[in-house]
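# An overview of the molecular structure
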Amino acid sequence: MVTVTGHVDSISETYTDKTGELKLRLRPQMHLVQAIAHVGPMPQDKATPAARKGRTVVRPSDATKKSADTLLGEITPEEQYADDSLANIPM
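Residues numbered from 1 in each chain as written. Predicted model: local features only at pLDDT ≥ 70, side-chain atom pairs only at ≥ 80, totals over all residues. Heavy atoms only, no water.

It is worth spelling out the overall build of the protein chain at this point. A tally of helices and strands in the protein chain yields one helix and two strands. Across the protein chain, helices and strands are ordered from the amino to the carboxyl terminus as β-β-α. Residue burial in the protein chain is summarised as follows: out of 91 residues, 0% are buried. For the protein chain, the proportion of contacts with a sequence separation of at least 24, taken over those separated by at least 6, is 62%. Surface exposure of the protein chain reaches about 8600 Å², of which carbon and sulfur atoms provide 56%. (Helix = DSSP H or I, 4+ residues; strand = E, 2+ residues; numbered from the N terminus. Buried < 20%, exposed > 50% of the residue type's maximum accessible area, 1.4 Å probe, protein only. Contact = heavy atoms within 4.5 Å. Areas by Shrake-Rupley, 256 points an atom, 1.4 Å probe, with all protein chains shown as cover.)

Now the structure itself:
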């Protein structure tokens with residue numbers, strides 16, 4: 001178990017690799033100022049799970065845009081909401 005006290009200076013979840021792509025970090029990076037850490041052994045059964053795998057971040061400017069017709073096709077039809085079977089549930 002690790003207990004850390006101090007002031008948070010910055011937190012980062014992304015980085016830019018050598019090719020200029022924006023990537024997610026495997027673990028968030030936290031920079032502390034005036035930090036003090038107390039370290040003790042961690043029991044094997046309470047070990048933390050594996051970190052998430054690195055994923056590529058899509059910039060809004062690079063995202064694929066859907067047409068209005070495609071977006072309208074993804075909307076649930078109003079008839080599916082017209083069923084009043086759940087309208088009279090006592091509260």
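Structure's up, so let's keep going.
Right, let's talk about the pairing of strand β2 (residues 22-39) for a bit. Where strand β1 (residues 2-16) lies against β2, twelve bridges are found, and the strand directions are antiparallel. In the sheet register, T3 faces β2, and the bridge partner there is H38. Hairpin remark: β1 followed by β2, antiparallel, with five residues in the connecting loop; positive phi at G20, about 95°. (Pairing = 2+ DSSP bridges.)

Further remarks concern a nonpolar patch on the surface. Nonpolar side chains collect at one region of the surface, where V2, V4 and V39 lie side by side and expose about 290 Å² of accessible area between them. Checked against the element boundaries, V4 lands in strand β1. (Patch = residues over 30% accessible without salt bridge, like charges linked within 9 Å, V, L, I, M, F, W, Y side chains within 5 Å. Salt bridge = Lys/Arg side-chain N within 4 Å of Asp/Glu carboxyl O.)

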